[in-house]
Amino acid sequence: MATEAPARGGYLDILRAPHAARLLAGTLVGRLPNGVGPIALTLFVRDQGGSYTLAGGLIAAYGVATAVGQPLLGRAVDLKGQPRVQLPAAVLSALGMALLALTGIGHLGLAYVAVVVAGLFTPPLEGGLRALWPSVLGREDRVHRAYAMDAVAQEVMFTVGPLLLTLLVSLWSPAAALLVINLLGVLGALAVVLSEPSRTWRSAPREAHWLGALRSPGLLALLGSFFFVGLALGSITVAAVAYADDRGTPSVYGWLMAALGLGALIGGVTYGARQWSGAPERRLRVLVLFLAVCYLPLVLTPGPVAMSALAALAGVFLAPVLACAFIVVDRHAPRGTVTEAFSWLVTTFGVGSALGSAVAGPAVELAGTVAGFAVAGAGGLVALLVLLATGRVLHVPAALETPGAEPRHAVGAGAPTSVHTEKNTH
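Because the structure is predicted, anything quoted here is derived from the model rather than measured.

A. Representation of the environment of V186 in the model. Summarising the element assignment, V186 is placed in helix α10 (residues 174-193). Residues V186 and R31 lie 155 residues apart in sequence; the distance between their C-alpha atoms is 9.2 Å. For V186, the residues in contact, after removing those within four places along its chain, are L87, A90, V91 and A94.

Shown next as structure tokens:
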């Protein structure tokens, strides 16, 4: 985990690269519908006179459909290219939400069909952007810094997105907000797929295999760990609500979530400001260790000010863990499956988060708020144990480290031909 000199130029160096700012902004805007989907559905259902149970059911259907669709669409991107998949998927997803907004919840079957369509066709823009970085940025160190910037940008989106949604609801209505947010999503996807890097990007030739990216043992190990990282994060959301209820101050929940996001921003910016030596698999184990350790103090549940500080601490290592995991995914994804592999990471993390929320609820009811936060600590520790237990399969084969080796992931026109992996220093 030794550090070298600070990275040259920092994030500004990344954003000054041709197409980089457009791709990042377009991806973030394109992901808005999915990022605020659960909140938007809750507000819409309640405005229509529906129950929280119905809102939860629609959110669950949307989440499951998204989890199924992401790796499938990611594989399609690897096979067909980005424009032929990303834009049609964005349009179909937006039409699904538009159907819900225009027809309401009077016909429950139609409402569920609408959210399933919206979730199933959520475009894999997140994985697509990470597949584009090598062709846009060239140097290995810049690609790795872009992964860190990507993790930080996600925190910004999850902070700004709900604020934008709330503003739209206050100006018009939840139904109008659904329509506007999804229109913005289509425009974001359009900005990405019309860019030269997206149009010229092609995946490397891939071996025909029904498992696709999942035939990599190293990737499976990483996904197993990140399922529990997602579980930990999902449980914190529910436990924070319970904590706010215990204090009799609902606004405390917002402060805890804001502190968690602030911690992630600080951690991501700090991590991305340096170049890191050594194998990323080893570094990921250390980062997940720190993540788990920082989750544990949440069970102390002190007063709101101290609890906000603990929430910020709990968030510090999240963005670095994500950024390092992106590098590990790139190293272990089988040739020609990079978008699918990144999409599997998104899916696994999301499913883990949903299960964490489901587990934390009964834990809080049975044993109180402390038990909800204990689920987060346990999730972090299990994530670490998975990485430790799978250390051998996470070791990158020496063939991937041979200088001049053929790139595993094809890139767009004019892209570098070097493999974007760190040298393994085991």
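Now that the structure has been shown, the text picks up again.
B. Expanded view of unusual backbone geometry. For H19, which is not glycine, the phi torsion reads 80° and is therefore positive. Looking at the secondary structure, you find H19 in the loop between α1 (10-15) and α2 (20-30). On the basis of relative accessibility, which here comes to 33%, the residue H19 falls in the partly exposed class.

C. Looking closely at the packing of helix α4 (residues 37-47) against helix α9 (residues 140-171). Interhelical geometry of α4 versus α9 gives an angle of 25° and a closest axis separation of 10 Å. By the angle between their axes, α4 is roughly parallel relative to α9. Along this stretch, α4 crosses α9, giving a crossing that reads as right-handed. Touching I39, A40 and L43 of α4 are P162, L165 and V169, all from α9. Among the residues making up the contact of α4 with α9, the classes are represented as six nonpolar, no polar and no charged.

D. Layout of helix α6 (residues 83-103). Its 21 residues give α6 an end-to-end C-alpha distance of 30 Å, which sits within 8% of 30 Å, the value for a rise of 1.5 Å per residue. The complete set of buried residues in α6 reads V85, Q86, A89, A90, S93, A94, G96, M97, A98, L100 and A101. At its buried positions, α6 is contacted by α4, α5 (52-80), α7 (108-120), α8 (125-137) and α10.

Rules and cut-offs
Residues numbered from 1 in each chain as written. Predicted model: local features only at pLDDT ≥ 70, side-chain atom pairs only at ≥ 80, totals over all residues. Heavy atoms only, no water. Helix = DSSP H or I, 4+ residues; strand = E, 2+ residues; numbered from the N terminus. Contact = heavy atoms within 4.5 Å. Buried < 20%, exposed > 50% of the residue type's maximum accessible area, 1.4 Å probe, protein only. Axes fitted to C-alpha atoms, helices over the stretch in contact; angles between N-to-C directions. Parallel < 35°, antiparallel > 145°, perpendicular 65-115°, else oblique. Left-handed = near helix turned anticlockwise from the far one by under 90°. Nonpolar A, V, L, I, M, F, W, Y, C, P; charged D, E, K, R; others polar. Expected span 1.5 Å × (residues − 1).

Just geometry here; none of it tells us what the structure is for.
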